[in-house]
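Residue strings, one per chain:
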Amino acid sequence: MIPYLLFATFIGLLFHGIHRKVIARIQGRPGPPIWQEILHTLKFSFKETWIPKTASQTLFVAVVFVAIGIWSGALYVLLSGGSLLLLFGVYLLHKIVEHGMGLSSGSPYGKFGAIRSVISAASELPLFVTVIAIYLFTRSLSIADIVAYQEMYGPLLIVAFPAAVAMYLIILSKMHYGPFSIIEAKEIVSGNMTEHFGVWRAGLEVGYALKTYVLLYAFVLLFIGQLPLALMLLVMLLVLISLSFVCAITPMLSPYDTVTVQSLVTGALVIYIVILVVVMG
Amino acid sequence: MQGVSGVNEILAILFAAIAIIGAVSAHIQHDRFNKIIAVGIIFGGIIPFIVDRGYLDIAILVSLIIPITTIIILQVCRKEKRDDA
Amino acid sequence: MAIPPYTLGLLVAVAGLIIGFMAIVRERDDLHRILLTDLAEVLALVLIALVATDLAEALILPGLVVGISELMAVSEVYIAKEGLRKPPAKPAFRIEIMDSAPGILALILVAYGIVLSGFTGGVVAAVGAVFYFMCRDHAERFELIETVSGYAWAIWIGAFFIFMFLPGYWLFGVMMAGGAILLKVMAKMSLVGTMRGGSNV
Amino acid sequence: MFNLPTENIGGQELFVLEFGDIVNYFSPYTAALFAFALIFTALAIVSRPERQVDIAFGGDAYYAKEVDVDLLRFQRFMAIACGLATLGAMVSGDVFNFTLFASLVGITNIGIVAAYKNKHVLNAAFQYGIVAMLATVPLFGGAAIILASTGTLSMWELFADGVVVPIIAKAFLVIGVMGEGMAPFYVAKAEITRAQGAPFILMVHVSSLLLFLRVIEIVISM
Amino acid sequence: MKANQSIISRISAAVSRVENLTALYALFFVVVAVLGLVTLPSITYYDDQLYPKTIIPESSLNPYDRGGVPFETTPVKAQYPENSPYVGYVTTYLTPLSQWLADHTHHFGTTIVAHPGGIIDEILYNTRGLDTVVETSILFVAFGIASYLFRRDD
Amino acid sequence: MTPELILGCIILIIGVIAAGFPRPRTYLSRLICLEIPGLGLLLIMLAYDEMLALVTFIGVTAISTFVLVRVIERRGPE
């Protein structure tokens, strides 16, 4: 498990670098090298570290460990074929990490980031719909069962396309530099991460890398099916690049607009679910 | 279930009519004192139903507490009157 | 064609809920909203009452007490929010019944409430106490009553553990539970009566 | 003695806790949520709140707010109560019991927030309080409809295959939990977040998210 | 509100005001309730309920006469009787006072049953005791909030 | 289907309309109108012989009226 975790972290950080590079190229900039994020993380690990005097100290440190902990747990669930609900539970709990990070520092920028993170709580809703849609098809929420279902009946991407769109939106709203990433918009410095530096920042980067890896892996696993590792990574990369395209060409929405957009998408999906229920009985 | 039969039926309809009249007039009346009186009328229509089922302790208790509720409401009525004056 | 009573009741209750919530949608004033919330609670109780078993009744009692305690908390938040700190002026004149009745009425209700015990008894006794405090403008020792109700709560938890782990002593558990819940509900709710004046001894 | 009928949703039951008719259970899913709630309750107990830094505009001046001890104690009490309520709701095996725990979460959330003297925060707390009270209506109503139409409140019976739970009751439960925890109704929460006391404010979010996760499990399983 | 705003910004503007929160929630509820209204006639009452009510008008314990002799048990239709080994004992229990009332009067059934013992106490304290724990805690917390706010004003 | 149930339903609906859209629209008139659905609920409980719940409900109504009166008093008439 530990080697796999390191591997996933490495890939996740690499993906972050590729994400930045692709966005830069689309926007006509040279962009940083793709291993930039790995170097970042290493650099932060060896920098001086302390806790701001105004911070709520225990919480300030604890969120970093929580962030790494929940995403490691999510990776374990994903690989062992556990419950899909648990995976999505972790996704929601990531929100708590964001709040905790911003609020605990006492810095106004961190607080603004946390408030925006609260505002974007509506991104939970497409998730709920995705879970139900998948359940309607597979009649099970165990990831192993879902993979087995896809081996028998073909990928869910085709039959449950709207659910895949919803999940895509969920991943998009967690990507850096995307239309929904109001939490770390540049006008509030680094948002809720502003005060976390040194080792804490490195820890967060690790947690985020794991998050990206898990979300992309889950998307491929849930909607396309189990693939060999190399192929899996390739498909994940393709999904990532498509996300980078979206991030590069869409402007960041204003905080409340993100909510409206996500809620409207959810509304459309609820209608889809109702139709599904009626059709499938 | 206990049915209502014979003479009781007429009485039941009568009391029900009282309660409904009270409810409707409580809505229609504009004056606050009239409203309170109308609520009292509903209560008058309801209490026979409780007694008819043989729950005397409830009937006594309800007749004690409803007036208390009315007195509590009267506290504000009184105030408003003074404020109007 | 006869509509089953349950379906009729359900339709009436949900129709009532729709009307009531429509009123909330249109309401802009905060105090009116509190009042309408009280209306909504009544409709929720209708839904439970329609089940018509002993279990339903046992579910209504908690539902009622939850409603009143949340109402209390929210109305206090409202007072704090609007800054209505000043206690109200005394009524301009008093009706005669408010001088003669409280003692005897309160006594009857409290005595009867103690006989009843449990939630019901607590509420009935509390009505008596509230009425008494209201008419006499009493300022009670706040901490004392709160401590009493805190202990009562602890006793009830003890009774709960008797039922769960030493069921043989059920009689003891019933007595403890009945007494403790009576005390707790009554103490808490009669505090309401003393909170009116805005003074705290 | 019991077999959880819905292994394919939250996993097999690991441990069963009986309180008479109310049989609580730990499946991998509920146990994970329980553990998470436990972590944050512990954090609320041990950590001190942050001191918010306010910047005076137009200059370099800034000042840190001091922590009010009385407020801190009250908030900590409420946060712990909220944590306990969340713990209870996570493992509850009875629909009505779950709704009661949800209302307890709602009222403790009001308590955490209402302690501030800031007018905006109080206003948000009030609006939130009204919604939390309204939310008890669909919660209890949903539980009552379930009881009337299936004859039981125990999730062990309701999760079984043959039992049909009316869709409106499920919808009521979800709406109720949304109201108690404010999951998508973010506006009041955003205001609330401005208040001081990170470990306690965080409890508001933790409880609401966990409640939401739990109700999804319940609704899907039924 | 400017005319050239998109529909999304308009919705966002309305939703972002905290004063609209209650109305928004109520509206949401109304929509669901109206949609649910059509399914209501299909909901049927399940006849085999737990803790059913039996009305014996002649009994002095009416409407709560569930049979049994004090200090003996009586059949109670609980969900999991095996979890509460002493189920039914509280139901039949009558204190001396309530025994006296039951022997001498006919219309005080509610008073007798509200007094310690009886089916409601059985449910509230024994089989569904956890509900009562939570509920008294709600009372505790709510009044804690109210009295904190009440006392803080000076 | 007992007469109490039918009467209760009728009064409940009248009461909900009265309390939801009171005339005149003042705090006090709404407070008084709130009594009406309460009495409707009382009748419904009576129809199903839920007497303990009924007693508790009546008591709670009195106390909640007091709570509301306290707020209205401080708020002043409108």
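Conventions used here
- In every chain, residue numbers begin from 1 and rise along the written sequence.
- To label them, take the chains in the order written and letter them from A, then take the ligands in the order written and number them from 1.
- Predicted model: local features are reported for residues with pLDDT of at least 70 only, side-chain atom pairs are reported and counted for 80 or more only, and whole-chain, interface and lining totals are derived from all residues.
- Excluding hydrogens and water, the side-chain values take into account all heavy atoms of the structure.
- Helix numbering and strand numbering both begin at the N terminus, where a helix is a DSSP run of H or I of at least 4 residues and a strand a DSSP run of E of at least 2.
- What sets the accessible areas is the Shrake-Rupley method with a 1.4 Å probe; for residues, cover comes only from the shown protein chains.
- What is meant by a nonpolar core is a set of buried Ala, Val, Leu, Ile, Met, Phe, Trp, Tyr and Cys residues, joined one to another through side-chain atoms within 4.5 Å.
- Relative accessibility thresholds used throughout: buried, under 20% of the residue-type maximum; exposed, over 50%; partly exposed, between the two (1.4 Å probe, protein chains only).
- Two residues qualify as a contact provided that any one of their heavy atoms is within 4.5 Å of a heavy atom in the partner residue.
- The predictor attaches a confidence to each residue, and that confidence, scored 0 to 100, is pLDDT.
- Two parts lose some accessible area (1.4 Å probe) when they are put together, and adding that loss for both gives the buried area.
- The term salt bridge refers to a pairing of a side-chain nitrogen on Lys or Arg with a carboxyl oxygen on Asp or Glu at a separation within 4 Å.
- To pair, rings of Phe, Tyr and Trp, with the six-membered ring standing in for Trp, must have centres within 6.5 Å; the planes then decide the type, stacked if under 30 degrees apart, edge-to-face if over 60, and tilted in the middle.
- Each pair of strands is called paired provided DSSP finds at least two bridges between the two strands.
- Interaxial angles span 0 to 180 degrees and are taken between N-to-C directions of axes, which are lines fitted to C-alpha atoms, for helices over the stretch in contact.
- Should an angle fall under 35 degrees it is taken as roughly parallel, and over 145 as roughly antiparallel, whereas 65 to 115 is taken as roughly perpendicular and any remaining angle as oblique.
- Left-handed is the label given to a crossing in which the near helix is rotated counterclockwise from the far helix by less than a right angle, and right-handed is the label when the rotation is clockwise.
- Ten residue types, Ala, Val, Leu, Ile, Met, Phe, Trp, Tyr, Cys and Pro, are classed as nonpolar, four, Asp, Glu, Lys and Arg, as charged, and the remainder, Gly among them, as polar.

1. Some words on the overall build of chain B
Then comes step 1: From N to C terminus, chain B includes 3 helices and 0 strands.
Then comes step 2: Order of helices (α) and strands (β) in chain B, N terminus to C terminus: α-α-α.
Then comes step 3: Accessible surface, chain B: about 3,900 Å² in total, of which carbon and sulfur atoms supply 70%.

2. Looking at the nonpolar core
Then comes step 1: Ranked by size, the top nonpolar core spans 362 residues in total, and within it C:Phe21 and C:Trp156 carry the most contacts.
Then comes step 2: Ignoring sequence-local partners within four residues, the contact set of C:Trp156 consists of C:Ala177, C:Ala180, C:Ile181, E:Leu124, E:Tyr125, E:Gly129, E:Thr132, E:Val133 and E:Thr136.
Then comes step 3: E:Leu61, E:Leu101, E:Ala102 and E:Ile112 belong to the second largest nonpolar core, which has 5 residues in total.

3. Quick notes on the confidence of the model for chain F
If pLDDT is low for a region, its predicted coordinates should not be looked at in detail.
Then comes step 1: The predicted model of chain F has a mean per-residue pLDDT of 87, with 97% of residues at 70 or higher.
Then comes step 2: Element-level mean pLDDT values for chain F span from 87 in helix 4 (residues 51-75) of chain F up to 91 in helix 3 (residues 35-47) of chain F.

4. Some points on the interface of chain E and chain C
Then comes step 1: In this complex, chain E contributes 62 residues to the contact, which on the side of chain C involves 68 residues.
Then comes step 2: Of the roughly 6,100 Å² buried between chain E and chain C, counting both surfaces, carbon and sulfur atoms make up 76%.
Then comes step 3: For the chain E face of the interface with chain C, the top three residues by lost area are E:Tyr125, E:Phe143 and E:Phe150, together amounting to 14%.
Then comes step 4: Counting the contacts that link chain E with chain C gives 3 salt bridges.
Then comes step 5: The partner of C:Asp54 in a salt bridge is E:Lys53, with the nearest N and O atoms 3.2 Å apart.

5. Topic: the pattern of salt bridges
Then comes step 1: If you walk through the whole model with that rule in mind, you get 15 salt bridges over all chains.
Then comes step 2: Linking C:Arg33 and C:Asp30 is a salt bridge whose minimum nitrogen-to-oxygen distance equals 3.3 Å. One end of the pair, C:Arg33, and the other, C:Asp30, are both in helix 2 (residues 30-49), 3 residues apart, so they sit about a helical turn from each other. C:Asp30 shares its class with C:Arg33; the two are buried.
Then comes step 3: The salt bridge partner of E:Asp131 is E:Arg128, with a shortest N-O separation of 2.9 Å. The residues E:Asp131 and E:Arg128 share a single accessibility class, namely buried.

6. Focus: the packing of aromatic side chains
Then comes step 1: The full count for this structure, using the stated rule, is 26 aromatic pairs over all chains.
Then comes step 2: Here C:Trp170 and E:Tyr89 contribute two aromatic rings whose centre-to-centre distance is 5.5 Å and whose plane-to-plane angle is 45°, an arrangement assigned as tilted. Here C:Trp170, found in helix 7 (residues 170-194), pairs with E:Tyr89, found in helix 3 (residues 89-92), and the two come from separate chains.
Then comes step 3: Of the residues examined, E:Tyr89 reaches a relative accessible area of 22% and is grouped as partly exposed.
Then comes step 4: Ring geometry for D:Tyr25 and D:Trp156: centres 5.5 Å apart, planes at 75°, overall edge-to-face. Placement of the pair is D:Tyr25 in strand 2 (residues 22-26) and D:Trp156 in helix 6 (residues 155-158), with a sequence separation of 131 residues.
Then comes step 5: Taking the relative accessible area as the measure of exposure, D:Tyr25 reaches 0% and is therefore buried.
Then comes step 6: These aromatic residues form a ring-pair network of at least three members: C:Trp156, C:Phe160, C:Phe161, C:Phe165, D:Phe19 and E:Tyr125.

7. Quick notes on the environment of D:Leu38
Then comes step 1: Within the secondary structure layout, D:Leu38 lies in helix 2 (residues 28-46).
Then comes step 2: Separated by 48 residues in the primary sequence, D:Leu38 and D:Thr86 have C-alpha atoms spaced 8.9 Å apart.

8. Brief notes about the interface of chain A and chain E
Then comes step 1: Each partner contributes to the interface: chain A provides 5 residues, whereas chain E provides 5 residues.
Then comes step 2: Taking both sides of the interface into account, the surface hidden between chain A and chain E amounts to around 460 Å²; carbon and sulfur atoms contribute 73%.
Then comes step 3: Of all residues in chain A, the largest losses of buried area upon contact with chain E belong to A:Tyr256, A:Asp257 and A:Thr260, amounting jointly to 74% of the total for that side.

9. Considering the pairing of strand 2 of chain D
Residue and element names in this part refer to chain D.
Then comes step 1: In terms of burial, strand 2 is a largely internal element, 5 of the 5 residues being buried.
Then comes step 2: By the alternation rule, side chains of strand 2 split into Ile22, Asn24 and Phe26 and Val23 and Tyr25, which are all buried.
Then comes step 3: As judged from the 5 bridges shared by strand 1 (residues 15-19) and strand 2, these two strands associate in the antiparallel manner. Counterpart to Phe15 in the pairing with strand 2 is Phe26.
Then comes step 4: Between the antiparallel neighbours strand 1 and strand 2 lie 2 residues, among them Gly20 with a positive phi of about 65°.

10. Remarks on unusual backbone geometry
Then comes step 1: F:Arg23 connects to F:Pro24 through a cis peptide bond whose omega is -10°.
Then comes step 2: With respect to the element layout, F:Pro24 can be found in the loop between helix 1 (3-20) and helix 2 (27-33).
Then comes step 3: Of note, the phi angle at C:Ala52 is positive, near 65°, even though the residue is not glycine.
Then comes step 4: When you line up the elements, C:Ala52 lands in the loop between helix 2 and helix 3 (54-82).
Then comes step 5: What makes C:Ala52 buried here is its relative accessible area of 15%.

11. A few points about the packing of helix 2 of chain C against helix 1 of chain F
Then comes step 1: Two elements in contact, helix 2 of chain C and helix 1 of chain F, have axes whose closest approach is 10 Å; the angle formed by their N-to-C orientations is 165°. Considered as vectors, helix 2 of chain C and helix 1 of chain F are oriented roughly antiparallel to each other. Seen along the crossing, helix 2 of chain C lies across helix 1 of chain F with a hand that is left-handed. The segment helix 2 of chain C lies against helix 1 of chain F, with C:Leu36, C:Leu39, C:Leu43 and C:Val46 engaging F:Leu12, F:Val16, F:Ala19 and F:Gly20.
Then comes step 2: Per-class residue counts for the contact of helix 2 of chain C with helix 1 of chain F are 7 nonpolar, 1 polar and no charged.

12. Some points on the environment of E:Glu19
Then comes step 1: Relative to the helices and strands, E:Glu19 is located in the loop between helix 1 (7-15) and helix 2 (21-37).
Then comes step 2: Classification of E:Glu19 as partly exposed rests on a relative accessible area of 30%.
Then comes step 3: Contacts of E:Glu19, omitting those with residues within four sequence positions, involve C:Arg33, D:Asn123 and D:Gln127.

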